[in-house]
Amino acid sequence: MCPMAGTRGKTSKRNHQEFCMDKTVVNKPLCFHCGDTCSSEVLISFDEKNFCCTGCKMVYQILNKSELCDYYSFNEVSGVKVDSNRDSDKFAFLDNPAIAARFITFANQQQTALKFYLPQIHCSSCLWLLENLHKLNPAIYFSSVNFPAKEVTVHFDQFRLSVRELAELLASVGYEPHITLDSTNDSVKEHSMLSRKALIKIGIAGFCFANIMMLSFPEYLGLETLARDGLDPRMFRILNLLLSLPVLFYSGTEFFVNSWYGFKQKMLNIDAPISLALVVAFLRSIYEIGTGTGAGYLDSMTGIIFFMLLGRAFQTKTFADLKFNRDYKAYFPIAVCKLNENKEESYLPVTEVSIDDSIRIRNNEVIPVDGILIQGKAEIDYSFVTGENETTTVKIGEIVYAGGKQTNGVIDLLVVKPFSQSNFTRLWNNEAFKKEEKNGYTFTGIISNYFAAGVLLIAFGAFIYWMKVNPANAWDAMTAVLIVACPCALLLTTTFTQGFLLNIFSRYGLYLKNGSIMQTIPFINHIVFDKTGTLTYPNISTVKYEGTPLSTGDEFVFASMFAQSLHPLSKSITHSLRVKGKALENIKEVAGGGIEAWENDTHYKLGSADFVGKQGVVKTGSEVWVSVNDKVLGKYEVANLLREHVDDMINRIPCDVSVLSGDNNRSEHYLAEQFHRNVQYRFNQSPENKLEYIASLRDKNATVMMVGDGLNDAGALSKSNIGLAVVDNTVQFSPASDAIMLAEKLPLLLQYIRAAKQSKRLITLTFIISLVYNFFGIYFSVTAQMSPLVAAILMPLSTLSIVLTTLTGSWLIEKNCFKDVHKPIAQ
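Small disclaimer: the values here were computed from a predicted structure and weren't measured.

Novice: Even after reading the chapter, I still don't get the overall build of the chain, so can you show me in this structure?
Specialist: In terms of regular secondary structure, the chain is built from 27 helices and 30 strands. Of all 827 residues assigned to the chain, the portion counted as buried reaches 51%. Long-range pairs, those at least 24 residues apart, make up 68% of the contacts in the chain between residues at least 6 apart in sequence. Accessible area of the chain: about 38,700 Å², with a carbon and sulfur share of 56%.

Novice: Just checking my understanding: could you explain the sheet that holds strand β6 (residues 112–117) for this structure?
Specialist: Backbone-to-backbone hydrogen bonds join strands into a sheet, with any given pair of strands oriented parallel or antiparallel. Read from one edge of the open sheet, four strands run β5-β6-β8-β7, paired in antiparallel fashion. Each edge of the open sheet carries a strand with a single partner, namely β5 (104–107) and β7 (140–146). Strand-to-strand twist of the sheet, defined as the mean angle between neighbouring strand axes without regard to direction, takes the value 15°. Of the pairings in the sheet, the one linking β5 to β6 comprises three bridges and is antiparallel in character. By the bridge assignment for β6, I104 is matched with L114. Along the sheet, helix α5 (residues 163–172) contacts β6, β7 and β8 (151–156); its crossing angle with β6, the most-contacted strand, is approximately 45°.

Novice: What am I meant to see in the pattern of salt bridges here?
Specialist: Opposite charge on two side chains lets them pair, provided their charged atoms get close. Inspection of every chain in the model, using the stated rule, returns 16 salt bridges. A salt bridge links K635 to E637, with the shortest nitrogen-to-oxygen separation between them at 3.0 Å. Within this structure, E345, R360, R362 and D412 form a network of salt bridges that share partners.

Novice: Sorry, what's going on with the confidence of the model for the chain here?
Specialist: Interpreting fine coordinate detail is not advised for predicted regions of low pLDDT. Of the residues in the chain, 76% have a pLDDT of 70 or more, and the chain-wide mean is 77. Counted against residues more than four places away or in other chains, residues 3–26, with its pLDDT under 50, gives 46 contacts. Here residues 185–194 scores under 50 on pLDDT; set against residues more than four positions off or in separate chains, the count is ten contacts.

Novice: What exactly am I supposed to notice about the nonpolar core here?
Specialist: Among soluble globular proteins, nonpolar side chains are generally buried collectively. Counting 53 residues, the largest nonpolar core has L63, F93, L94, F116 and L130 as its most contacted members. Sorting the residues of this core by element identifies α2 (54–65), α3 (97–100), β6, α4 (124–130), β7, β8, α5 and β9 (335–339) as the ones contributing at least two each. At six residues, the largest contribution of residues to this core is made by α5. Apart from residues no more than four positions distant in its own chain, F93 is found in contact with I99, I179, I334, A335 and Y347.

Novice: What is the right way to look at the packing of aromatic side chains in this model?
Specialist: Each aromatic ring pair is characterised by the separation of its centres together with the angle its planes make. In this structure the tally under the stated criterion is 18 aromatic pairs. Ring geometry for F558 and Y604: centres 5.4 Å apart, planes at 90°, overall edge-to-face. Taken together, the positions of F558 in helix α19 (residues 552–563) and Y604 in strand β23 (residues 602–607) put the pair 46 residues apart, joining distant regions of the chain. In terms of burial, F558 and Y604 fall into one category: buried. For the cation-ring pair, K49 lies above F32, with the distance from its terminal atom to the ring centre recorded as 5.5 Å. For K605, the ring lying beneath its charged end belongs to F611, and the centroid distance is 5.0 Å.

Conventions we followed
Residues numbered from 1 in each chain as written. Predicted model: local features only at pLDDT ≥ 70, side-chain atom pairs only at ≥ 80, totals over all residues. Heavy atoms only, no water. Helix = DSSP H or I, 4+ residues; strand = E, 2+ residues; numbered from the N terminus. Buried < 20%, exposed > 50% of the residue type's maximum accessible area, 1.4 Å probe, protein only. Contact = heavy atoms within 4.5 Å. Areas by Shrake-Rupley, 256 points an atom, 1.4 Å probe, with all protein chains shown as cover. Pairing = 2+ DSSP bridges. Axes fitted to C-alpha atoms, helices over the stretch in contact; angles between N-to-C directions. Salt bridge = Lys/Arg side-chain N within 4 Å of Asp/Glu carboxyl O. pLDDT = per-residue confidence, 0-100. Core = buried A, V, L, I, M, F, W, Y, C linked by side-chain atoms within 4.5 Å. Phe/Tyr/Trp six-rings, centres within 6.5 Å; stacked < 30°, edge-to-face > 60°. Lys NZ or Arg CZ within 6 Å of the ring centre and 35° of its normal.

In structure tokens, the structure reads:
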């Protein structure tokens, strides 16, 4: 036994205490591996430790055998829960060389390297274990972890360990690779190249800026020392000019590109005056250096580019590994199990499946194609596609549509439409459902138009004035205004404020696609919520019995009847009952009515009100009536359960609220009881209906935020001003959106809105500060008193003030808006 494991088992963490109503203390053992509470019914003990399931015990045994129990010493809860019922053939598709090659980053005769995405990575224990994989299997040479990206790269001997076996090894210790159709290294490499290119630009700009500043010190302090030592100032000026070339023509290219795109769209964006200032500064510097009249403004020019790039990199760093524009490929498996005439299994890429192929879908697998059910019991969950909360029972010979998830064992399908022509793909590729670029409200965009026009007027005004008074100062004054009045302070204001706030939002479970989304939030006046899976828990229902109390014997029989039914309502009731039934022999299901059974000479019925003999009942929700010997005793009511604290959030939101649902209106009464305000409800909404409703609101000049979670919400998300996708984790597939929110953080939506409004005030404040600096800069420029020394002081002082102000302001916003939130998400 590992010594560290024994020590850890003695800590107080392993026993959870709860105080009951009578103030007695009840000890609930916690799983030694994952930290979950162990049920007394399934408590597993091994090596003097408690485990919640055989999966967790199995992981401990593997680590214990390999002397890797130090894994448990780094954090209180280190382990990742493992599905002990995982299909042994789940990774069989990796035996296909073409599929496995998608994950290989390097290969030769000696070793192979591959990269897997592991969403379970969350702490230092994960890092330690994954970098010690070689102790679990000697065929592994070494491994490294990219913690922010949650990726592991493994170098191994391909002749002793296959890609499939490596994936199964990772899954056996709780780190199952997340593999979907878009899991290719091409996108990873492209993203990596983009990140590397941005870092290179920042590095070059920073290096050249620092050296130009150093070489410019003699200019700031006077040239007498240089002349006395026999040095020629032109040498330093030419060196500065050479150093500025890669900064302007490589690092600063994005400012010119963005300006050009703005001109093509007949829009003057914030990069336009910055580009003009850079060009003017560079040309004037060449003129001064060439004529020997000065050193120019190369230090200011390179400083502008460096700080701009640094601010933008800071803003985007938090979301480098999130996908806001996922397509349908992220939802589907990378391969499918194909059956030949002898029912033998083989795996091929899902894109190669053809009509009339027979495929096998296992429990909890997503169905990638439309097909006819030829074998098995199909219970399909279409909630992601249609919004319907209840599963659909499909009979032999009926069509199963792509996008659903099989929830009841193994089924075989005969393909009638290939992947590219499936109903799911057709719906996804609908033009109305594609994400469109939205022209939101951006404070920076509005101000930049006026700011740029104002700067140009002042510059040309100064030129005209000095042409009349002293023509020798005309060009100096005009170019100095364009350089010093550069809106870099304004851009830094928005960039750093948004960067700080985006980082704060991410810590509390909201990930915005970009900073401009934050500038649109304060203008939202109508929020539309999807019901199923967004406001309510996706797989949790409340069950309440109303009527004559059931005897122990009757309750046992009804529990047995519910357990033998495949109806979704029966499943929900079965999960809620504390009584476990048995297999009944005399039982019959009546299509469209319910179930009846005979036990101990007693006739039991459950189903609709008409089926059990209850007449004249007005149906108010999902309900199942029960009777004994034709005497109606009562009914079980099944309802969706609202997420915790969502009702309070809805009641306090200071704008109009609508709720859309693909379900029927049975839950309207329940929702109306929870929401004590005016809410517009719309039920039986197809994806097209949701899109049309959002469009109608926008036609009435409403600024709309749509909050949804599935493909059935994709059109509405794309049509709204802000589309907010709610997910249980950032790995979960979500349609294209402007923002991604963790479902458990939905009650914080009001706090996010408040923080966005306060960030707008912070941007206004810092903009005023930048205007003060610009006022002094313009004064010196217009009066032809601007010198390199004054420019060198104003530029960094302005930048430092902006950064400190935004940092302090962002900290105050977090304290004010999230003061009651005690547990931000660890980064």
